[in-house]
Amino acid sequence: ESKFDRKNYFYPDLPKGYQISQYDKPLSVEGKIALKDGKVIAIRRVHLEEDTGKLIHTEIEGEKATLIDFNRSGVPLVEVVTEPDFENAEQVDEFLKKLRLIIRYLDISSADMEKGSMRLEPNISVKKILDTRYKIQDTGLPPYKIEVKNINSFKFVRKAIDYEIKRQIELLEKGEKLVQETRGWNETKGATVLQREKEEARDYRYFPEPDIPPMAFSQDQILKIKSQIGELPDDKIKRFIAEYDLSEYNVEILCQGKPIADYFEETVGAGKKDLSPAQIANWIINKKPDISKTSPEELIKNIAESRQVFEISDEDLEKTVSKVIAENPKAVEDYKKGKTAVIGFLIGKVVSATNYQIDKKLVQEKLSEALTKKE
């Protein structure tokens, strides 16, 4: 069962004086997302509510003013509320990126922060470690939290968290008492700024929304919804690594968007006889083809053509190698001093000079021989 409630408060971005939200019976509870280091971030609830207006602080004819943009006011949004399981800004960053990827795989939102379709609101509080020798800390939460509202980039979230941790520690060390606050992030100043003191739940005088009836979902309905979700990013990443024998790094790049991941699989299916999954993955990652204009079959053809190796006589290759060595004395000197990585630069020069797509291993052999002889 789930229902909507009225959250009552007065603020200029919500002129009707209440927000339709969910209080004691949200749509979803008790979720979780696992991070790479094994840390599990628990999700307390996921609920629907209506969005508010946006305050714009500016100057008009030299006077400070606040304007209100009501474009998104009343538009439904999904709010995901985690438990206080984060220990640093890096964990927050990883969690948010995984959450955005899941949202995109579900195809419920573009989660494009520049367009306002995903916003981030960290709650931050700090407390003293009880024993600095052993880092023992009690599990109770501090008696306050600072919420930073409406941040529109992962980078700004990291900055806001780090700023708040430092600011709060400095105030606590001065003996000041911190209270619930809502703050905003000012990128120009690189600082959070006070917006208002934070209300408690009791201050909102929640009561059931009278114009929307309660919702009841049967187990069959829930299972039907679950069956429509499809393969989510973590499962796809594990399968790609096992099924296609790809590196975790490459798989994570391929799975950053469902369209790219699907395109990769279609191309693998179309090119089984000619190309390995690794060859296809490397081409997609490095060449970044326009998948809306290049069919899997065209991509396979492009890769196959690029891999054709043209014959070049030993005599012509040796002449080119000698010419490149003569024209690049600094690189040759570095190589002789032990900077063997510079041979990659020389290989590139030889390949460019031949106008052929020749075997780079053969070029490396010829270069090594020539450089050794010079010694």
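Residues numbered from 1 in each chain as written. Predicted model: local features only at pLDDT ≥ 70, side-chain atom pairs only at ≥ 80, totals over all residues. Heavy atoms only, no water.

In this section: the overall build of the chain. Each helix and strand in the chain was counted, giving 12 helices and 12 strands. Whereas a compact globule of 375 residues would reach a radius of gyration of roughly 21 Å, the chain reaches 29 Å, over 25% beyond that. If one aligns the C-alpha atoms of the chain with their principal axes, the spans along those axes are about 90 × 55 × 55 Å. Going through the 375 residues of the chain one by one, you find that 34% of them count as buried. For the chain, contacts bridging at least 24 residues in sequence account for 59% of all contacts bridging at least 6. Put simply, the chain shows about 24,100 Å² of open surface, and 51% of that area lies on carbon and sulfur atoms. (Helix = DSSP H or I, 4+ residues; strand = E, 2+ residues; numbered from the N terminus. Rg over C-alpha atoms; globule rule 2.2 N^0.38 Å. Buried < 20%, exposed > 50% of the residue type's maximum accessible area, 1.4 Å probe, protein only. Contact = heavy atoms within 4.5 Å. Areas by Shrake-Rupley, 256 points an atom, 1.4 Å probe, with all protein chains shown as cover.)

Listing the buried residues of helix α10 (residues 329-336) in full gives Ala331, Val332, Asp334 and Tyr335. In a view along the axis of α10, the buried residues occupy a sector of 160°, so they form one face of it. Every exposed residue of α10 that faces more than 90 degrees away from the buried side is listed here: Pro329 and Lys330. One or two steps after α10, the chain reaches glycine 338, where phi turns positive at roughly 105°. (Arc of directions from axis to C-beta.)

As a further point, take the packing of helix α1 (residues 89-106) against helix α2 (residues 154-173). Interaxial distance between α1 and α2 falls to 9 Å at its minimum, and their mutual angle equals 150°. Between α1 and α2, the angle falls in the class roughly antiparallel. For the crossing formed where α1 meets α2, the hand is right-handed. Residues Ala89, Val92, Asp93, Leu96, Lys97 and Arg100 of α1 touch α2, and the partners they reach there are Phe154, Val157, Arg158, Ile161 and Asp162. (Axes fitted to C-alpha atoms, helices over the stretch in contact; angles between N-to-C directions. Parallel < 35°, antiparallel > 145°, perpendicular 65-115°, else oblique. Left-handed = near helix turned anticlockwise from the far one by under 90°.)

Turning next to the side chain of lysine 236. One can find lysine 236 in helix α4 (residues 233-244). On the basis of relative accessibility, which here comes to 3%, the residue lysine 236 falls in the buried class. Side chain to side chain, lysine 236 and glutamate 231 meet in a polar contact 3.0 Å long. Setting aside chain neighbours within four positions, we find lysine 236 in contact with Tyr105, Glu231, Cys255, Ala261, Asp262 and Glu265. (Polar contact = N/O pair within 3.5 Å; in protein donor to acceptor, adjacent residues only side chain to side chain.)

The final tally for this structure, using the stated rule, is 32 salt bridges. Across the pair lysine 39 and glutamate 87 runs a salt bridge whose closest N-O atoms are separated by 3.1 Å. You can see lysine 39 sitting in the loop between β3 (28-34) and β4 (40-50) and its partner glutamate 87 sitting in the loop between β7 (76-82) and α1, a full 48 residues away along the chain. A salt bridge links glutamate 181 to arginine 167; its shortest N-O distance comes to 4.0 Å. Placement of glutamate 181 in strand β10 (residues 181-186) and of arginine 167 in helix α2 is noted, with a sequence separation of 14 residues between them. With relative accessibility at 14%, the residue glutamate 181 sits in the buried group. Arginine 167 sits in the buried class, given a relative accessible area of 15%. (Salt bridge = Lys/Arg side-chain N within 4 Å of Asp/Glu carboxyl O.)

What follows deals with the nonpolar core. Core analysis: the largest hydrophobic core is formed by 23 residues, its most contacted members being Phe95, Leu96, Leu120, Ile151 and Val157. Of all the secondary structure elements, the ones that give two or more residues to this core are β4, α1 and α2. For this core, the element with the most residues is α1, which contributes six residues. Aside from chain neighbours lying at most four places away, what touches valine 157 is Val92, Leu96, Leu120 and Ile151. (Core = buried A, V, L, I, M, F, W, Y, C linked by side-chain atoms within 4.5 Å.)

All right, on to the sheet that holds strand β12 (residues 207-208) then. Read across the open sheet, the three strands follow the order β2-β1-β12; overall the sheet is antiparallel. At either end of the open sheet lies a strand with only one pairing partner, and these are β2 (18-21) and β12. Bridge count between strand β1 (residues 5-8) and β2: four bridges; the pairing is antiparallel. When the bridges of β2 are listed, aspartate 5 appears paired with serine 21. (Pairing = 2+ DSSP bridges.)

Further remarks concern the confidence of the model for the chain. Residues of the chain with pLDDT of at least 70 account for 93%, and the chain-wide mean is 88. Looking over the chain, one finds the lowest element-wise mean pLDDT in helix α11 (residues 343-354), namely 80, and the highest in β4, namely 96. (pLDDT = per-residue confidence, 0-100.)

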